[in-house]
Amino acid sequence: MSNNTQSKKESSLIAENGPWAAVGEHPNAITNRFYTYERVQEIVAFIQNIVPAKPEVAIICGSGLGGLAELVVDKVVIPYADIPNFPRSTVAGHRSNLVFGILNGISIVCMQGRFHPYEGYTTAACAFPVRVMQMLGAHTLIVTCAAGGVNKSYRVGDIMLIKDHINFPSMAGNNPLIGHNDERFGKKISFCLRPRFPPVGHAYDRQYASQMKQIAAKHNIELREGVYCALGGPCYETIAEINLLRVLGIDAVGMSIVHEVTLGAHCGLRMLGLALITNKCLSEYDSTIEAVHEDVIRISELKANELQQLILDFVGGVKTNKT
Ligand SMILES: O=P(O)(O)O[C@H]1O[C@H](CO)[C@@H](O)[C@H]1O
Ligand SMILES: Nc1nc2[nH]cnc2c(=O)[nH]1
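For clarity, every value in this text was computed on a predicted model and none was experimentally measured.

Reading the values: the criteria
- Residues numbered from 1 in each chain as written.
- Chains lettered and ligands numbered in written order.
- Predicted model: local features only at pLDDT ≥ 70, side-chain atom pairs only at ≥ 80, totals over all residues.
- Axes fitted to C-alpha atoms, helices over the stretch in contact; angles between N-to-C directions.
- Helix = DSSP H or I, 4+ residues; strand = E, 2+ residues; numbered from the N terminus.
- Parallel < 35°, antiparallel > 145°, perpendicular 65-115°, else oblique.
- Left-handed = near helix turned anticlockwise from the far one by under 90°.
- Contact = placed C-beta atoms within 7 Å.
- Near = placed C-beta within 6 Å.
- Nonpolar A, V, L, I, M, F, W, Y, C, P; charged D, E, K, R; others polar.
- UniProt positions renumbered as here; feature names shortened; annotations may be inferred.
- Buried ≥ 20, exposed ≤ 12 C-beta atoms within 10 Å, placed from the backbone.
- Pairing = 2+ DSSP bridges.
- Core = buried A, V, L, I, M, F, W, Y, C linked by C-beta atoms within 7 Å.

Asker: Got a minute to help me understand the packing of helix 3 (residues 37–50) against helix 5 (residues 129–136) in this structure?
Answerer: For any two helices packed against each other, the geometry comes down to the angle between their axes and how far apart the axes lie. Two elements in contact, helix 3 and helix 5, have axes separated by 9 Å at closest approach and are oriented at 55°. Comparing their axes, helix 5 and helix 3 come out oblique. Between helix 3 and helix 5 lies a crossing whose hand is right-handed. Residues V40, Q41, I43, V44 and I47 of helix 3 form the contact with helix 5, whose participating residues are R131, V132, M135 and L136.

Asker: For this particular structure, what's the right way to read the site of ligand 1?
Answerer: Near ligand 1 lie 13 residues; those nearest to it are G62, S63, C145, M255 and S256. Sorting the residues of the shell around ligand 1 by element identifies strand 5 (140–149) and helix 10 (293–322) as the ones contributing at least two each.

Asker: In this structure, what is going on with the site of ligand 2? I would like to understand it.
Answerer: Neighbouring ligand 2 are 15 residues; A146, G148, G254, A291 and V296 lie closest to it. The set of elements that each furnish at least two residues to the shell around ligand 2 consists of strand 5, strand 8 (252–254) and strand 9 (270–280). At 3 residues, strand 5 tops the list of elements feeding residues into the shell around ligand 2. Along the lines of polarity and charge, the residues of the shell around ligand 2 split into 9 nonpolar, 5 polar and 1 charged.

Asker: In this structure, what is going on with the UniProt feature "binding site: a purine D-ribonucleoside" (unreviewed entry) in the protein chain? I would like to understand it.
Answerer: Mapped onto this numbering, the UniProt entry annotates "binding site: a purine D-ribonucleoside" (unreviewed entry) at E237 and N279. Spanning 43 residues, the named residues nonetheless gather at one spot, since no C-alpha pair among them exceeds 12.0 Å. The residue E237 is located in the loop between strand 7 (223–230) and helix 8 (239–247) in this model. Not counting chain neighbours up to four residues away, the residues in contact with E237 comprise L231, I242, V253 and C281. Turning to its location among the elements, N279 is positioned in strand 9. C-beta crowding within 10 Å serves as the criterion here: with 21 such atoms nearby, N279 is assigned to the buried category. In contact with N279, not counting residues within four places along its chain, are G148, G149, V156, A291, D295 and V296.

Asker: Mind showing me how you'd approach the environment of P87 here?
Answerer: Position of P87 among the secondary structure elements: in the loop between strand 2 (73–79) and strand 3 (97–103). Classification of P87 by C-beta neighbours within 10 Å gives partly exposed; the count is 19. Between the C-alpha atom of P87 and that of G233, which follows or precedes it by 146 residues, the distance is 19 Å.

Asker: How should the pairing of strand 3 be read in this particular structure?
Answerer: Regular strands place their side chains on alternate faces of the sheet. Burial within strand 3 is extensive, with 6 of its 7 residues counted as buried. With 7 bridges joining them, strand 3 and strand 4 (residues 106–112) adopt antiparallel strand pairing. When the sheet's bridge partners are listed, G101 is paired in strand 4 with I108. Taking the residues that link successive antiparallel strands as the turn, the strand 3-strand 4 hairpin has 2 residues, and the phi of N104 there is positive, at about 45°.

Asker: Mind showing me how you'd approach the nonpolar core here?
Answerer: Soluble globular proteins tend to bury their nonpolar side chains together. In terms of nonpolar packing, the biggest core is built from 86 residues, with I59, V109, C110, A147, V253 and A275 touching the most fellow members. When residues of this core are assigned to their parent elements, the largest contribution, 8 residues, is made by helix 10. Setting aside its immediate chain neighbours within four residues, V109 contacts P55, A58, L98, F100, M133, L136 and A138.

Have a look at this one:
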């Protein structure tokens, strides 16, 4: 029996039987048992039937940042609702479209709307589209998000290059890779099979980060650089929580990205992360200002142009990297 037939057999066994469910299976393991390699391949085949072009760069748009897709030319838009077994975005500021086309001369796929654990999805379900985009051909992933400024020097409207992250859900036993590890995910890009224990110490590509700094300098955009931390949400943070995050050296807080980057690292993507600081996080009990999602979207939309400019130039540079 060929290796592929063997893995296929194992994969369907995992998908159909899941004997562990009876004794209490982790929700991410259930998700990963559902999104087998073959099922992800089916989704990829469905999309390729509509869009044969191979995207090189995948982009995930954060709250209020989906306007980037308007800059894409020769666009093909596939609503998530049309894609078999694809979740839907349920939050304001997130549309539910997979957008294909050309951005600054390079073929891209853009998720106009992401999935968050607080919407009811497992972190594995939130992140599985990363595998879809990698299997479609993407070698680079750009994640963008709206985030609260924990660092006291940050101002509303600042853009933060994500240097690193703290994945609190994962530290609490909620990592999207929990469950069966199918090493075929990511095989195409990496020179070796992706391991059971993927390293994430350099998840954010250093060369990409330095390119982004140069692009920001060229446009006279002050770029912050810091550590992003993901919490489960949907509540914004208490004052005590913000003070704790500050002690830990965290610069910005949100409810996304880390599970996407985890899967991206597993399948060997080169990654760049940008967070737009949409609000300052409260740290004094006599303050009367609270974070509000409507403000988050308003600020994102207001500052979207700058972020889009950075991404546009960066994507153009990715093309240069390849030659
Ligand atoms: O991370 P994105 O999707 O940009 O959204 C951020 O904004 C929302 C809260 O206002 C949360 O979903 C948080 O994660
Ligand atoms: N958790 C969290 N997510 C955000 N997204 C945008 N602002 C915030 C914030 O202050 N906290």
